[in-house]
Every structure is written in structure tokens, then in C-alpha cells.
Amino acid sequence: MAIFQIKVNYLSKGQITKSFGKAGKNLSYISRGTNSGRVQKSLNYIAREDKYKNRDDLIYYEEKNIPKEFKNGEEVAKYLEKNSRSNARLLKKYEGSLPLEFNNEKNIEIAKEFCEKQFGDKYIYFMGIHNPDGRHPHLHVSVVERKLNDGIERTKEQYFKTYNSKYPWKGGLQVDKDCEKREYFDNFCRTWEETLNHHLVLNGHEKIWMEWNGMERSGLECNRMDWNQLGLNGVE
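Quick caveat: nothing in here was measured; it's all calculated off a predicted structure.

Participant: An account of the overall build of the chain is requested, with residue identities and associated values reported.
Facilitator: Regarding its fold elements, the chain presents four helices and seven strands. Of the regular secondary structure in the chain, the N- to C-terminal order runs β-β-β-α-β-α-β-α-β-β-α. For the chain, the residues scored as buried account for 50% of the 236 residues in total. Excluding contacts between residues fewer than 6 apart, the proportion of contacts in the chain whose partners are at least 24 apart in sequence is 68%. Total accessible area on the chain is roughly 12000 Å²; 45% of this is exposed by carbon and sulfur atoms.

Participant: Summarise helix α2 (residues 73–83); cite the residues concerned and give the values.
Facilitator: Across the eleven residues of α2, eight count as buried, placing the element largely inside the fold. Buried residues belonging to α2 abut α1 (38–47), β4 (58–64), β5 (89–97), β6 (124–130) and β7 (138–144). The backbone nitrogen of Glu74 has a side-chain oxygen 3.2 Å away, supplied by the residue at the start of α2, namely Asn72.

Participant: Tell me about the packing of aromatic side chains, and please be specific about residues and values.
Facilitator: Summed over the entire model, instances satisfying the criterion amount to 14 aromatic pairs. Centre to centre, the rings of Phe70 and Tyr159 are 5.2 Å apart; their planes meet at 75 degrees, and the pair counts as edge-to-face. Here Phe70, found in the loop between β4 and α2, pairs with Tyr159, found in the loop between β7 and α4 (182–202); they are 89 residues apart in sequence, far enough to count as distant. Considered together, Phe70 and Tyr159 belong to a single accessibility category, that of buried residues. Ring geometry for Tyr159 versus Phe160: centroids 5.9 Å apart, planes at 55 degrees, classification tilted. When sorted by exposure, Tyr159 lands in the same class as Phe160, which is buried. Members of the aromatic cluster, joined through ring pairs, are Tyr94, Phe114, Phe119, Tyr125, Phe185, Phe188 and Trp192. The positively charged end of Arg48 is found above the aromatic ring belonging to Tyr45, 4.8 Å away from the centroid. Lys170 extends its terminal NZ or CZ atom over the ring of Tyr167, reaching a point 4.5 Å from the ring centre.

Rules behind the numbers
Residues numbered from 1 in each chain as written. Predicted model: local features only at pLDDT ≥ 70, side-chain atom pairs only at ≥ 80, totals over all residues. Heavy atoms only, no water. Helix = DSSP H or I, 4+ residues; strand = E, 2+ residues; numbered from the N terminus. Buried < 20%, exposed > 50% of the residue type's maximum accessible area, 1.4 Å probe, protein only. Contact = heavy atoms within 4.5 Å. Areas by Shrake-Rupley, 256 points an atom, 1.4 Å probe, with all protein chains shown as cover. Polar contact = N/O pair within 3.5 Å; in protein donor to acceptor, adjacent residues only side chain to side chain. Phe/Tyr/Trp six-rings, centres within 6.5 Å; stacked < 30°, edge-to-face > 60°. Lys NZ or Arg CZ within 6 Å of the ring centre and 35° of its normal.

Printed below as a string of C-alpha cells:
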């Protein structure tokens, strides 16, 4: 039976903070020393590159909405980390379970459909699908929550610098503050639920459901069916 499970945490310049899980516990740790390469290491994890190459559970990986000024996601990661301000949030990282009822090809279709609905062409994002031992298909999405398509031409060096509200052409892309609102996360969860249920029902399976109770206004936490305790061990 399909389950509803979403995990979210942040990769910031200096720390990973506010990982939300069951019972509303906020877990965090500080990364000491330099941040060199942390964004790329995080992306390597979902793409199963570098030290993760030996894991044989990668089903699909894609980099979306890479601006024409950059060669690829690796270059985005380099400049994002290099030029963001010292306490900037670099990535928001989501993980969601995909239905065991479907094969890998169908789950790729579902994941791509969801990402197109939720993110479209508004943000740079990186999506990977893993299915360890063929028993736990799940989606990873890492999002750069800065608004694309503002009509301003920028150099690679400029893209991820601090936004300049008075002279936008002098600064980097603007961070989308709406992504921090309770409503955004609620919409994210509902879009995920609706996308999964559309395909489950269409193929003769039961719907999943989620419980909207026990919400914590201080963070993105709400009780869900089968939401496991989220810790930071093994999180890249």
C-alpha cells in the first residue's frame, strides 16, 4: 500500500538547520570550517556520483532550469556556494516516498509531473529517484529558491549574490520569501497527495491520505501517516 511521507531540510552556508520530523523535533548541527563543495556533495548524493557511485539504486536524475550562463548543475553549485552571502540558505531539500504499486518508469512519470506542477520554470532544481533493493522508491528534490525569469541578464558571478531591491540589475536573483510560508508547504503537500492519488486511482489502487493536525507554527511540521522520525545521520 502506498504511504504518504515527506521530509524536508535545508542546506545553508554554514549549517544544515531545521530538519522537521515526527513529534515536531527540530534537529540541527553546525558545519565547522569552510563550506567548500558542500552543495556539490549534496547533489552528488542524489545523483549517485563521486563517492556514491557504488550505490546501485539510482533510477533517474535530472537538472532543471539551469540558466544559459552555466554549463551544468556542477557549475551552478560552485557559484551558488561561492557568491551567496555568508548565512544564505543554499538549497531546500525534499524527500517523498513513491508508490510501491508502480514500476520505476511509472514513478519517474509521477515524479516529473509533480515537479513540473510545483516548481515549473520558476526555480533551479535537481531531482533524483532512488529505489534501494526495489523496495523503497522515493524522490529527492533540491531547490534553489531564487526567482528566475525576472528579465535581467546576469553574469555567472552575479547570479547568486545578494539581491539589490533598489537596483535589481546590480544584484543577484531574489530569494522567494513565499517559499517560507506555511501556505507554501501546505500546497506542496497537497500537490504531492493529489498527484499520487490521481495515478493510484486511475490504475485501480486505493488513495493515500494525510492528517492535517498537530501543526507547529514555528516550523514546517505536521503529522502524517507513517512519517518516520527524521534525524541527520546519513543526510548529505
